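A structural walkthrough
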Amino acid sequence: MIEKQISTTIQLFDSVSELPEQIQKLMNKAVEARHTAYAPYSKFKVGAALILENGEVVMGSNQENASYPSGLCAERTAIYAAGANYPNQKIKTIAITATSEKQEVLEPIAPCGACRQAIAEYEQKQKEPIEIFFTGSRGKVMHVKSLLDILPLAFDNKFL
Ligand code: THU
């Protein structure tokens, strides 16, 4: 038996105002998207905005359902909208923000496991990394240069 360590690298910004201007704009779009969240059950509202290589921005927000598992996260709403409407455009960057009616969200909210898997598929499809910025309702912003930085040992189509 050998033991191996897997390490990853993230970049941490103190706040949105520290981000490059074009990423701040994308994060503003994510905030705009957050306002369209339909989250009557969790009261946790997430917005995602992604920018394509042609400069188009696609937005998504979480959409809940009385049958809980039928709901969908903001990240997948956005990425599937991009896949459906711009199938040949590469996705460059995704910005994500979350807020809650119950308490302030003061730490960066990373995409859930299912969303990571979905984003990983699009990295595979386009053969280029997708960078991700995620934050709470205010405070620090985390950045990764590729989805794979937050999904070690990813399952992908080369196993099929
Ligand atoms: N949610 C997202 O939209 N993205 C995530 O990555 C984490 C969770 C949503 C799903 C559900 O509507 C609510 O947040 C609480 O889990």
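In short, a report on the structure.

This part covers helix 3 (residues 113–126). For helix 3, spanning 14 residues, the distance from its first C-alpha to its last is 20 Å, which sits close to the expected 20 Å at 1.5 Å a residue. Among all positions of helix 3, only Cys-115, Ala-118, Ile-119, Ala-120, Tyr-122, Glu-123 and Gln-126 are buried. Close packing links the buried residues of helix 3 with helix 2 (74–85), strand 4 (91–100) and strand 5 (131–135).

Turning to unusual backbone geometry, a few remarks are in order. Here the phi dihedral of Lys-43 falls at roughly 65°; this positive angle occurs in a residue that is not glycine. Structurally, Lys-43 is set in the loop between helix 1 (21–34) and strand 2 (44–52). Note on Lys-43: relative accessible area 32%, which makes it partly exposed. Look at Lys-127: it is not a glycine, yet its phi comes out positive at around 55°. With respect to the helices and strands, the residue Lys-127 is situated in the loop between helix 3 and strand 5.

Right, let's talk about the sheet that holds strand 6 (residues 141–144) for a bit. The strand order across the open sheet built from six strands is 1-6-5-4-2-3, with neighbouring strands paired in mixed fashion. In the strand order of this sheet, the two ends are held by strand 1 (11–13) and strand 3 (57–61), each with one partner. Taking the axes of each pair of neighbouring strands and ignoring which way they run, one obtains an average angle of 15° across the sheet. Of the pairings in the sheet, the one linking strand 5 to strand 6 comprises four bridges and is antiparallel in character. Bridge assignment links Thr-135 to a residue of strand 6, and that residue is Val-141. Seen against the sheet, helix 2 touches strand 2, strand 3 and strand 4 and runs at an angle of roughly 30° to strand 2.

Bringing the nonpolar core into the picture now. By size, the foremost hydrophobic cluster in this structure holds 24 residues, and its most contacted members are Leu-50, Ile-79, Ile-91, Ile-94 and Ile-132. Looking at this core, the elements with two or more residues in it are strand 2, helix 2, strand 4, helix 3 and strand 5. Every residue in contact with Ile-91, bar those within four places of it in the chain, is listed here: Leu-50, Ile-51, Leu-52, Ile-79, Ala-82, Tyr-122, Gln-126, Pro-129 and Ile-130. By size, the runner-up hydrophobic cluster in this structure holds ten residues, among which are Ile-23, Ala-30, Ala-49 and Ala-95.

Turning our eyes to something else, we now look at the pattern of salt bridges. Applying the stated rule across the entire model yields seven salt bridges. A salt bridge links Asp-156 to Lys-158; its shortest N-O distance comes to 3.1 Å. Since its relative accessible area comes to 60%, Lys-158 is described here as exposed. Ionic contacts of the salt-bridge type, sharing partners, join the residues Lys-90, Lys-92 and Glu-128 into one network.

Criteria and thresholds
Counting restarts for each chain, with residues numbered from 1 along the sequence as it is written. pLDDT decides what is reported in this predicted model: residues at 70 or higher carry local features, side-chain atom pairs at 80 or more are listed and counted, and totals for whole chains, interfaces and linings draw on all residues regardless. The basis for the side-chain values is all heavy atoms of the structure; hydrogens and waters are excluded. Only DSSP runs of H or I reaching four residues or more are called helices, and only runs of E reaching two or more are called strands; each is numbered from the N terminus. Helix span, expected: 1.5 Å multiplied by one less than the number of residues in the helix. Remark: exposure states derive from per-residue accessible area (1.4 Å probe, protein chains only) relative to the maximum for the residue type, with buried under 20%, exposed over 50%, and partly exposed in between. Between two residues, a contact is recorded if the distance between any of their heavy atoms is within 4.5 Å. Paired strands are those between which DSSP finds at least two bridges. To define axes, lines are fitted to C-alpha atoms, for helices over the stretch in contact only, and angles between the resulting N-to-C directions are given on a 0 to 180 degree scale. Nonpolar cores are built from buried Ala, Val, Leu, Ile, Met, Phe, Trp, Tyr and Cys residues. Side-chain atoms within 4.5 Å join them into one set. Salt bridges, as used here, are contacts in which a Lys or Arg side-chain nitrogen is within 4 Å of a carboxyl oxygen on Asp or Glu.

Geometric values such as these leave the question of function open.
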